[in-house]
Amino acid sequence: MNAGGWMGSMCILYASLTEYILFFGTAIDTSGNSGRYWANISDTILKGSFRQWKEGELESRMFKPGDTVYHEWGEVTAVQWEEGTWMVEYARGFIPSTLGFALADTLFSTTDFVNLFYILRVYSKALLLEASTSILEWKEFIKESL
Ligand SMILES: *[C@@H]1O[C@H](CO)[C@@H](O)[C@H](O)[C@H]1NC(C)=O
């Protein structure tokens, strides 16, 4: 996927309207804008390095495997990943608000509509999975209450 000027790859493990967990990383050196979200995001580095430059600061910070990088609600930073960086990302907030940023580069820069389709498909699939488990849990709850 392309977003904020960087290019990376993600594998969604779980997503709902209020949370997601995914693997994210890149096989090339890449950098750009983190995006400003209505969500708190944390990244735990598995391999490689993640450099974060916060708005209003004069120096950037480098994070290494084992470190967790926090990106708070409403915050924006410059981000830089070296080749071979992989991490686990957890977000909590209003997840659909992250889609505009996540899709803008694809819509207006790369115009890679195949990729756009993949991203929308994987997110819809995750939402459907989440909805179906909720319905099952609800059914169980009703059964137990009767
Ligand atoms: C995001 O983090 C802030 C500060 O830690 C906290 O006050 C807020 O409740 C968090 N929001 C969500 C949706 O977790």
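In what follows, the structure referred to is the one given above.
Quick caveat, the model's predicted, so the values are computed rather than measured.

S.K.: I'm lost on the sheet that holds strand S10 (residues 77–81) in this one. Help?
M.R.: The pairing of strands in a sheet happens through backbone hydrogen bonds and is either parallel or antiparallel. Pairing is antiparallel in the open sheet, where four strands are placed in the order S5-S10-S7-S8. Of all the strands in the sheet, the pair left with one neighbour each is strand S5 (30–33) and strand S8 (61–63). Put simply, the sheet's adjacent strands are angled 20° from each other on average, direction ignored. In this structure, strand S7 (residues 50–54) lies alongside S10, joined through five bridges in antiparallel fashion. What sits directly across from Arg 51, in S10, is Gln 80.

S.K.: Just to check I follow, could you spell out the nonpolar core for this structure?
M.R.: In this structure, Trp 6, Tyr 20, Phe 50 and Trp 81 are the most contacted members of the largest nonpolar core, which totals 26 residues. Elements that contribute at least two residues to this core include exactly strand S4 (19–26), strand S6 (39–47), S10, strand S11 (85–93), helix H1 (96–110) and helix H2 (113–145). Looking at this core, the element that brings in the most residues is H2, giving four residues.

S.K.: Can you help me understand a nonpolar patch on the surface in this one?
M.R.: Taken together, the side chains of Leu 13, Tyr 14, Ile 21, Phe 23, Leu 46 and Trp 86 define a hydrophobic patch exposed on the protein surface, amounting to about 510 Å² of accessible area. Among the elements of the structure, strand S3 (9–15) and S4 are those that each provide at least two residues to the nonpolar patch. Along the polypeptide, Leu 13 turns up in strand S3.

S.K.: Explain the environment of Ala 126 to me, please; I cannot follow it from the model alone.
M.R.: Structurally, the position occupied by Ala 126 is in helix H2. Aside from chain neighbours lying at most four places away, what touches Ala 126 is Ile 12 and Ala 15.

S.K.: How do you make sense of empty space enclosed by the protein when you look at a structure like this?
M.R.: To find leftover empty space, a probe the size of one water molecule is rolled over the atoms. One pass over the full model with this rule turns up one cavity of 30 Å³ or more. Along the wall of the largest cavity there are 27 residues; nearest its centre are Trp 6, Tyr 20, Tyr 37, Ile 41 and Glu 89. Of all the elements in the fold, those that place two or more residues in the lining of the largest cavity are S3, S4, S6, S7, strand S9 (68–71), S10, H1 and H2. Here the lining of the largest cavity gets four residues from one element, more than from any other, and that element is H1. For the lining of the largest cavity, a count of residues per class yields 20 nonpolar, five polar and two charged.

Scoring rules and cut-offs
Residues numbered from 1 in each chain as written. Predicted model: local features only at pLDDT ≥ 70, side-chain atom pairs only at ≥ 80, totals over all residues. Heavy atoms only, no water. Pairing = 2+ DSSP bridges. Helix = DSSP H or I, 4+ residues; strand = E, 2+ residues; numbered from the N terminus. Axes fitted to C-alpha atoms, helices over the stretch in contact; angles between N-to-C directions. Core = buried A, V, L, I, M, F, W, Y, C linked by side-chain atoms within 4.5 Å. Buried < 20%, exposed > 50% of the residue type's maximum accessible area, 1.4 Å probe, protein only. Patch = residues over 30% accessible without salt bridge, like charges linked within 9 Å, V, L, I, M, F, W, Y side chains within 5 Å. Areas by Shrake-Rupley, 256 points an atom, 1.4 Å probe, with all protein chains shown as cover. Salt bridge = Lys/Arg side-chain N within 4 Å of Asp/Glu carboxyl O. Contact = heavy atoms within 4.5 Å. 1 Å grid on protein atoms, 1.4 Å probe; cavity = no way out; pocket = protein on both sides within 12 Å on 5 of 7 lines; lining within 4 Å. Points joined across faces, edges and corners; volume = space filled by probe spheres on them. Nonpolar A, V, L, I, M, F, W, Y, C, P; charged D, E, K, R; others polar.

Any link to function would need more than the numbers given here.
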